[in-house]
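One-letter residues, chain by chain:
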Amino acid sequence: MTCMKRKELESYLQDVDVFDNPKIKLEQYPTTPHIAACMLHTISATYDDLAGKTIAYLGVGCGVLSIVATMLGARYVLGVDIDEDALEICSGNLEEFEMTSIDLVAADVKYLFGSNPENSRLYKQFDTVVMNPPFGTKRNEGIYMDFLQAGLNLSNNSVYSLHKTSTREHILKKASSWGVEATVVAELRYDLANTFKFHKKKVVDIEFDFIRFSHTKKLK
């Protein structure tokens, strides 16, 4: 299955169930099949960071990225989310796709590690971390950095994440201070459908970056 083309992956993902009642506070915008397929196909074909690897997925939501990762040969996936309702939807999707190498854990990403991450049994236990973190706009300012720090602590190799282009300078500067190499793999546009009542437009076009973070030296 690791030879699947992007379009083929995207077609499979049309059948994934998404949020019926997304939660504003958690910024539950689903990762579209197109974006998920593009992300994971690039991670696999360009960087060989999926096949045979252990993967952690932070903010697993409905499980779209974890399903693609498994289709592309991931050996094991751990999905983490704070929302029990999201995990229930995800579990149903995994069952529908007959995915058996994925475990789900209910946890707050901000508290995965304490003040001494190296003492945690999760520290550096995964080859690759993927995520589509909250943008940090609904009284959650800076939460995407909490996700990124947790991802870097989990990974012994690389982290792939989506971030608003407007935060690029801040993120790249912070990554450099951590001794982490950050590469903007692609600049994308996200057509955010009218998901919540406060959205006045049917579709909002958001510019965001697909960024790869790789360890160049020990985290400070």
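What comes next concerns the included structure. (Residues numbered from 1 in each chain as written. Predicted model: local features only at pLDDT ≥ 70, side-chain atom pairs only at ≥ 80, totals over all residues. Heavy atoms only, no water.)

Quick notes on helix H2 (residues 33-45)
Using the following cut-off: Comment: elements are numbered from the N terminus, with helices defined as DSSP H or I runs of at least four residues and strands as E runs of at least two. By this rule the span expected of a helix is its residue count minus one, scaled by 1.5 Å. Buried, partly exposed and exposed residues are distinguished by accessible area as a fraction of the type maximum, computed with a 1.4 Å probe on protein chains only: under 20%, between the cut-offs, and over 50%, respectively.
Across its 13 residues, H2 extends 18 Å between first and last C-alpha, which sits within 8% of the 18 Å expected from 1.5 Å per residue. By the burial criterion, the buried members of H2 are Ile35, Ala36, Ala37, Met39, Leu40, Ile43 and Ser44.

Examining a negative patch on the surface
Spelled out, the test is: Patch definition: residues with relative accessible area over 30% and no salt bridge; like charges joined within 9 Å; nonpolar side chains (Val, Leu, Ile, Met, Phe, Trp, Tyr) joined within 5 Å. Using the Shrake-Rupley algorithm and a 1.4 Å probe, accessible areas are obtained, with residue cover drawn only from the displayed protein chains. Salt bridges are defined as contacts in which a side-chain nitrogen from Lys or Arg sits within 4 Å of a carboxyl oxygen from Asp or Glu. Charged residues are defined narrowly, with Lys and Arg counted positive, Asp and Glu counted negative, and His plus the chain ends left uncounted. Working definition for charges: the position is that of NZ of Lys, CZ of Arg, CG of Asp or CD of Glu.
A contiguous patch of negative charge, built from Asp15, Asp17, Glu95, Glu96 and Glu98, is present on the exposed surface. If you trace the backbone, glutamate 95 turns up in helix H4 (residues 84-96).

Here we look at empty space enclosed by the protein
Short version of the rule: Here the term cavity refers to a set of points on a 1 Å grid, laid over the protein atoms alone, in which a 1.4 Å probe fits but cannot get out; the term pocket refers to an open set having protein on both sides within 12 Å along at least five of seven lines, with lining residues being those that place an atom within 4 Å of a point. Grid points are joined across faces, edges and corners, and a volume is the space filled by probe spheres set on the points.
Applying the stated criterion to the full structure yields one cavity of 30 Å³ or more. Of the volumes computed, that of the largest cavity is approximately 40 Å³. Together, Pro133, Pro134, Phe135, Tyr144, Leu162, His163, Lys164 and Thr167 line the largest cavity. Ranked by the residues each element gives to the lining of the largest cavity, the list is headed by strand E5 (residues 155-164), at three residues.

Here's the deal with the nonpolar core
This is how the line gets drawn: Nonpolar cores were defined as sets of buried Ala, Val, Leu, Ile, Met, Phe, Trp, Tyr and Cys residues, with membership established by side-chain atoms within 4.5 Å.
In terms of nonpolar packing, the biggest core is built from 38 residues, with Leu40 and Ile67 touching the most fellow members. Only helix H1 (6-13), H2, strand E1 (54-58), helix H3 (64-71), H4, E5 and strand E7 (203-215) provide two or more residues apiece to this core. One finds Val80, Ile143, Met145 and Phe213 within the second-largest nonpolar core, a separate group that totals 28 residues.

Some points on the packing of H2 against H3
In plain terms, the rule: Axis lines are fitted through C-alpha atoms, for helices just across the contact stretch, and the angle between N-to-C directions can take any value from 0 to 180 degrees. Convention used here: angles under 35 degrees read as roughly parallel, angles over 145 as roughly antiparallel, angles from 65 to 115 as roughly perpendicular, and any remaining angle as oblique. Should the near helix be turned counterclockwise from the far one by less than a right angle, the crossing is left-handed, whereas a clockwise turn marks it as right-handed. In what follows, residue pairs with any heavy atoms lying within 4.5 Å of each other are defined as contacts. Think of it as three bins: nonpolar holds Ala, Val, Leu, Ile, Met, Phe, Trp, Tyr, Cys and Pro, charged holds Asp, Glu, Lys and Arg, and polar takes everything else, Gly as well.
Running from N to C, H2 and H3 cross one another at 40 degrees; their axes reach a closest spacing of 9 Å. Looking at the two axes, H2 sits oblique to H3. Crossing of H2 over H3 shows right-handed handedness. Mapping the contact onto sequence places Ala36, Met39 and Leu40 in H2 and Val64, Leu65, Val68 and Ala69 in H3. When grouped by side-chain class, the residues that make up the contact of H2 with H3 number seven nonpolar, no polar and no charged.

Points about the pattern of salt bridges
Tallied over the entire structure, the rule returns four salt bridges. Among the salt bridges present, the one from glutamate 187 reaches arginine 168, with a minimum N-O distance of 3.4 Å. With glutamate 187 in strand E6 (residues 180-193) and arginine 168 in helix H6 (residues 168-177), the pair connects residues that are 19 residues apart, well separated along the chain. A residue is classified by how much of its surface remains accessible, and glutamate 187, at 60% relative accessible area, is exposed. Here aspartate 209 makes a salt bridge to arginine 168, at a shortest N to O gap of 2.7 Å. Pair noted here: aspartate 209 is in strand E7 and arginine 168 is in helix H6, with a separation of 41 residues, a long-range link. Overall, the relative accessible area of 0% leaves aspartate 209 in the buried class. When its relative accessible area of 22% is taken as the criterion, arginine 168 is described as partly exposed.

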